[in-house]
Structure formats: structure tokens, C-alpha cells
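Residue-level structure breakdown
Listed below are the residues making up each chain.
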Amino acid sequence: MERRDFFKIMLATPVLTPLILSSKKTGNDLELFLISEEPQMFLPLLLQQIQEYSPNEGRTFTFLNPHPRENGLKKTLSEKGWRFAREPATAHLTLSFGYLLNKALPSFTLVRKGWIRDIRSRKVHPLWQEMNKNHAPSSCLTIASLKTKTSVPSTGEFVSMYRDGQKIEALSLEENEEKSYKTQGGRITVQIAGGKVWVTESSCRHKICLYSPPISLAGERIVCAPNHFLLEIERSSSIDTVIG
Amino acid sequence: MNAPPPSTLSLAKKLFFLPLTLFLLSGCAVKEKWHTSTLLVFDTLCEIKIFCSPSEFKAAQENVDRIFSEIESHFSPDAEDYSSSMVLDLYRRALQVFTDSGGCFDITVAPLSRLWGFLSKSYVVPAHEQIQSILERIGVEKIKEEKGTLILLPGMKLDWGAIAKGFAIDLASRSLIERGISRGFINAGGDLYCWGQNPDSQDWNIGIKHPRQSGFLGIISISEQGAATTGDYQRYFIKEDVRYHHVFDPRTGYPAEGKQSVTVCGPETLLCDALSTALFVSKRPERIMEKYPDYGAIIVDSEGNLSFLGKIFPFHTVD
């Protein structure tokens, strides 16, 4: 597939718009979007490549939501020296799974601080060709977020709801409530209690959002790709102190 | 209310709490969290925010208080200490900035502040002749260092105000970092040092006051850096529609012209403090900054125009 076509598909996939936008915000310096049925085959090599963009030496990873290839990814990543971490907020690499509405040719792209970067260097080019030639179209999207600094977990203050890439509402984590949102494909219901947020009901097919564990730390997200819906825990990025 | 999905979470919880339980059993569990406090030092409020355990916080506070008191005893306007090692050290640093700034930064301006009434707060615009005679007693180059003590000419007096606070902040923050406190800031009346990440796990967002309006000129995002601002709005009086402020040009004896505020960022708060004054006074601030490649300045000129010099730090304006 041509790079141009690839971007067209990527950008026309509404789920990516909020993801790209939020990747600019969350301070995840590098986000790799990988469409492949077998991400475990390609991710370690791609990570090796993109780490050249990032001086980070951190080698722990975790999953933000259940991934259909979780075991395979754990295996191939640990073979390359990555360690599995349970706390998302302390891991250097977080992997999340997204489900694409339509199957797309296997491909990958790197977003760095909100900008799309070309990483098809000479080393990666054969991989790109191999992916395109020998692998079937897939609706499995793997998002690998790399942080250049290990962040210490910080509790969120509110949860923002993004629908079709637009922020529609922000709710305080201190108020306990349940709220439903109409989406293009149906509806999604979100519960806030005890400073945590989770999805209690969703019209989507795979219910990945429903099975995602509750989130409470700044930067954590639950994505419902079919509903084009994203929840993200945020803090007011207020001024820490004043001089002058 | 629907309960959260149980399976993965409860497993994760169990596995997460296992090492924690072991840690608790080992009897050295300490809960680190954010602590803030304010101390009154140098006649200004000193704000401290650090990430540590409650017992560590108490010790840290005492430590900072002790350092600030010590600095204050050596460098207050009434202090006449010319021979302690601390005074000699800071004098040499001040002398370096004096040389690098072509005399724009000068710790001997105390007689000028007194003449203009900034020490007694009974402000006057002195006669030109008075200023000229005072200028004979101004200039770091007139100080001699002999046998471990500073020799001043009769009538000379030191004003450590534009460097001692930065020095104190450096000492205090270094002592906290040595104690193992990995994140925090110390902000003493506008001079600041910050290190580690802020509560959002980002660099620290420091608002810089607007020199003429309420609100902010902008926000700088920094870490492992000091910052200090010198402005014509901090201490001034107005006589016959003219604003006379406290930052004197040591070469003319009059308040320095051409700028409303200068903020300097860089690794040492001491230098940020001294350089912000030097740049405020200097007509050629870029020449000074060439000598300090790790430092950056945000300058507001007398028309209110913003400009940047030296190293660039993330800066954004607020809506």
C-alpha cells in the first residue's frame, strides 16, 4: 500500500482522530499505530526502530485494555528484554487495543508529539513490504505509547468524554454518577464512583470497553472504537506557582 | 450501581497488593505524598512544595528554615559580615557577574537605594549632585579582598538583595535533593528552583506575572531549573507622573530604563537572580547572555513588547 493511501485510511478512521489529538496532550511522546492480525510479529522490531527517536532506557510495558494477542505480545516483547509491569502509570510502554470498523491492510505509523512521522527507514522497509504482501487485512489496531520519562502515578481530577474526536463533556471524579451518551452506532453508559470510571453498558459488538478495568489515574483511557468514543482521565494543568 | 468487571481487576489487585503487603510487613512502609508550606523569610513568603513522607517533610521544612535564617543573618541589609567563607564565596560570584555584565550588576548599590528612600520607604528624587557624589562610593571594583576579609571604602555598603535569595534557594533545594526528595519546588517571593516532575507528572508550570496587568505574561514549563524575575513594578514610587523603581543603573545612579521586566531561567537560581538584574540594567543584554549559554531570558521592554534571549525554554501565553 502506498504511504498516501495509508494515511488516507488512517485519518479517515474516526477512532484515530481522538487518539492522535490526545496523544499530543497526554505527554506520550511517541505513539505507534499498528494494524495487524499478528502484532507480536512486528512490534519488537518496530520498537527497536522508534526507540532511536527516544533516548529512553525504560523497558517495562503494560496493557491499557485487554488485547486479543496479549500472550503473544508478552512473549515476543520479553524475548527482546521488555519486562511486563502491572501499573500502567509506571510503565514506559503501554499497549492498547482498538478495533477497526473495516478491515485494513497491515501497516504502521508513528505519531510523535501529535505529528505523523515516517519511520520507513531502510531497515524497516522490508518489514513494510512483507506485511503488505503476505499478511491479510485486519481490523486489529494496536497502539503502542512510549513515554520518554517515567511518570509517577497522579490521581485524576475529572474524566473527559470524546465523541468523534470532539470533547463533549468533562465530569468530576468526586461526584458519583452514571451517564449515557448517544453515539453514531448506538450508545455507551459510563459509571463514576469512588474516583474511578468504567463503562457499564455499550452497544458495540466486542464489548472491549466494557471489559476494560476502571481507570482513575491521569492519562488513563478507555477506548470504544465502534462507538467512536474515548474516555480520558485528566487533571487541570494549572499553574504550579507564580514568580515575578 | 453496576460493579466494575471483576475478573482481570481482582487478579491485578491481588498481584499488585502482594508486593505491597510484603513491603508493609518488612516494617518500613512510608506513604509519600505532596506537602506544601509557607515560611516567612527575607520579608517575603517562601512557598515550598515537595513530594515526601510526612516525617521527612517536617525535617525538610526545618532544614529550609535553618538555611534561610543563616543566609539572612549573613546577608541582610544590616549585616556587616565581610569575612565569613559564605560571604567571600558569594562576593566572588557577584564579582564574576559584575565583570561579565560590564558593571550592570553591582552589589554596592546600597547607598543609592538609601538615597532614593527605598530602605526607609520615604521616597525622594535626589538632586543630581547628590547622586554624583554617591557614585564615588559605588562599584565592586573598589572593594579589596585582603587576608580573608573584604575591605570597603568609607561610606560603601553592600546590597545582597539581587543575589542572596537565589543563593539561599540553591542551597535549600540542593539540601532537599540530597535528602532524597526527588520532586518539588522552592519559591521565595518570585525566585524559584524546581526539580523532578509536578503532580501531573510533567515539567513545572511557572506563571510569570504580567508587569502591567493582573494575570500572567505567560507560563514557562521547566524542571531542574531556577527562575527569577526583576521588574520595575516590584518596588517603585511615582512622583509627577514619573515611575521611579528600585533597580538602579550603578553607572548613572538613576533607575534603569528601557524594560518592564526580565525573567531568567537556568540551572542555578543564584545566577538567574543576578542575571535578571544585570539584563534589566544593560542596554546590550545579548552580550551578557553570550557568556551564559545555559540561561535564557524573557524580556518585556518599556513598550510592553516581549522578546527572548539565549537558551529557549518552553513558554506559552495564557488566554
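In this text, all values refer to a predicted model and were calculated from it rather than measured experimentally.

A tally of regular secondary structure across chain B gives eight helices and 15 strands. Here chain B holds 319 residues, and the buried ones make up 40% of them.

Let's shift gears to the overall build of chain A. For chain A, the helix and strand inventory stands at six helices and 15 strands. For chain A, the proportion of its 244 residues judged to be buried stands at 40%. Relative to all contacts within chain A whose residues are 6 or more apart in sequence, the contacts with residues 24 or more apart total 67%.

Okay, the sheet that holds strand S11 (residues 186-193) of chain A next. One key point about sheets: their strands pair by backbone hydrogen bonds, in either a parallel or an antiparallel sense. All names here are of chain A. Strand order in the open sheet formed by three strands is S10-S11-S12, with antiparallel pairing between adjacent strands. Because the sheet does not close on itself, it has two edges, and the strands there are strand S10 (177-183) and strand S12 (196-202). The sheet shows a mean angle of 25 degrees between the axes of neighbouring strands, taken without regard to direction. Of the pairings in the sheet, the one linking S10 to S11 comprises seven bridges and is antiparallel in character. What sits directly across from Lys179, in S11, is Val190.

Once that is clear, we can look at the sheet that holds strand S15 (residues 241-243) of chain A. As summarised here, the arrangement of the four strands in space is S15(A)-S7(B)-S8(B)-S15(B), forming an open sheet in which the pairing is mixed. Each edge of the open sheet is held by one strand with a lone partner, namely S15 of chain A together with strand S15 (315-316) of chain B. Where S15 of chain A meets strand S7 (residues 204-209) of chain B, three bridges bridge the pair, whose relative direction is parallel. What sits directly across from Ile243 of chain A, in S7 of chain B, is Ile208 of chain B.

Residues and elements named next belong to chain B. One way to put it is that helix H3 (residues 85-100) packs onto helix H7 (residues 269-281) with a least axis distance of 11 Å and a crossing angle of 35 degrees. Relative to H7, H3 is oriented so that their crossing is right-handed. For the pair formed by H3 and H7, the contact residues are Arg93, Ala94 and Val97 on the first element and Leu270, Ala274, Leu275 and Ala278 on the second.

The next thing to look at is unusual backbone geometry. At His228 of chain A, a residue that is not glycine, the phi angle is positive and equals roughly 55 degrees. Looking at where His228 of chain A falls in the secondary structure, it is placed in the loop between strand S13 (221-224) and strand S14 (229-234). Phi at Lys121 of chain B is positive, roughly 65 degrees, even though this residue is not glycine. Looking at the secondary structure, you find Lys121 of chain B in the loop between helix H4 (110-115) and helix H5 (128-135).

So, on to the nonpolar core. Proteins that are soluble and globular tend to have nonpolar side chains buried together. Counting 80 residues, the largest nonpolar core has Ile163, Ala168, Ile186, Ala227, Val264, Ala274 and Leu275 of chain B as the members making the most contacts within it. If one sorts the elements of this core by residue count, H7 of chain B sits on top with nine residues. The next biggest cluster of nonpolar side chains, apart from the first, holds 27 residues, and it includes Phe42, Phe63, Leu73 and Leu146 of chain A.

Residue and element names in this part refer to chain A. Where helix H3 (residues 39-50) contacts helix H4 (residues 70-79), the two axes come as close as 9 Å, and the packing angle between them is 35 degrees. Crossing hand, H3 versus H4: right-handed. Only Gly72, Leu73, Lys75, Thr76 and Leu77 of H4 make contact with H3, whose side of the interface consists of Pro39, Gln40, Leu43 and Pro44.

Turning to the confidence of the model for chain A, a few remarks are in order. Residue and element names in this part refer to chain A. Averaged over all residues, the pLDDT of chain A is 77; the fraction at 70 or higher stands at 74%. The least confident element of chain A, judged by mean pLDDT, is helix H2 (residues 16-25) at 46; the most confident is S11 at 94. Across residues 20-26, confidence stays below pLDDT 50; counting only partners more than four residues off in sequence or on other chains, it has twelve contacts.

What follows deals with the pairing of strand S1 (residues 30-35) of chain A. Residue and element names in this part refer to chain A. With respect to burial, S1 is a largely interior element, six of its six residues being buried. On S1, burial covers both faces: Leu30, Leu32 and Leu34 on one face and Glu31, Phe33 and Ile35 on the other are all buried. As paired strands, S1 and strand S7 (residues 138-146) are joined by six bridges and run antiparallel to one another. The partner of Leu30 across the bridge, within S7, is Leu146. As judged from the six bridges shared by S1 and strand S5 (residues 107-112), these two strands associate in the antiparallel manner.

Bringing helix H2 (residues 54-75) of chain B into the picture now. Residues and elements named next belong to chain B. Taking 1.5 Å of rise per residue, 22 residues should cover 32 Å, and H2 covers 31 Å from first to last C-alpha, within 8% of that figure. For H2, the complete set of buried residues consists of Phe57, Ala60, Val64, Ile67, Phe68, Ile71 and Phe75. End-on, the buried residues of H2 take up no more than an arc of 95 degrees, which puts them together on one face. Exposed side chains of H2 directed beyond 90 degrees from the buried face belong to Ser55, Glu62 and Arg66. Summarising the contacts, the buried residues of H2 are in contact with strand S1 (33-41), strand S2 (44-52), helix H6 (164-178) and strand S5 (184-188).

So, on to the pairing of S7 of chain B. Residues and elements named next belong to chain B. Relative to strand S8 (residues 216-222), S7 is paired through six bridges, and the arrangement is antiparallel. Of the residues in S8, the one forming a bridge with Ile208 is Gly218. Here S7 folds back onto S8, and the loop between the two strands holds six residues, one of which, Gly215, carries a positive phi near 95 degrees.

Take the environment of Cys104 of chain B next. Tracing the chain through its elements places Cys104 of chain B in the loop between H3 and H4. Not counting residues within four places of it along the chain, the set of residues in contact with Cys104 of chain B comprises Ala278, Val281 and Ser282 of chain B.

Topologically, Leu88 of chain B is positioned in helix H3. Counting along the chain gives 62 residues from Leu88 of chain B to Leu150 of chain B, while the straight-line C-alpha distance between them is 7.6 Å.

What counts and how
- Residues numbered from 1 in each chain as written.
- Chains lettered and ligands numbered in written order.
- Predicted model: local features only at pLDDT ≥ 70, side-chain atom pairs only at ≥ 80, totals over all residues.
- Helix = DSSP H or I, 4+ residues; strand = E, 2+ residues; numbered from the N terminus.
- Buried ≥ 20, exposed ≤ 12 C-beta atoms within 10 Å, placed from the backbone.
- Contact = placed C-beta atoms within 7 Å.
- Pairing = 2+ DSSP bridges.
- Axes fitted to C-alpha atoms, helices over the stretch in contact; angles between N-to-C directions.
- Left-handed = near helix turned anticlockwise from the far one by under 90°.
- Core = buried A, V, L, I, M, F, W, Y, C linked by C-beta atoms within 7 Å.
- pLDDT = per-residue confidence, 0-100.
- Expected span 1.5 Å × (residues − 1).
- Arc of directions from axis to C-beta.

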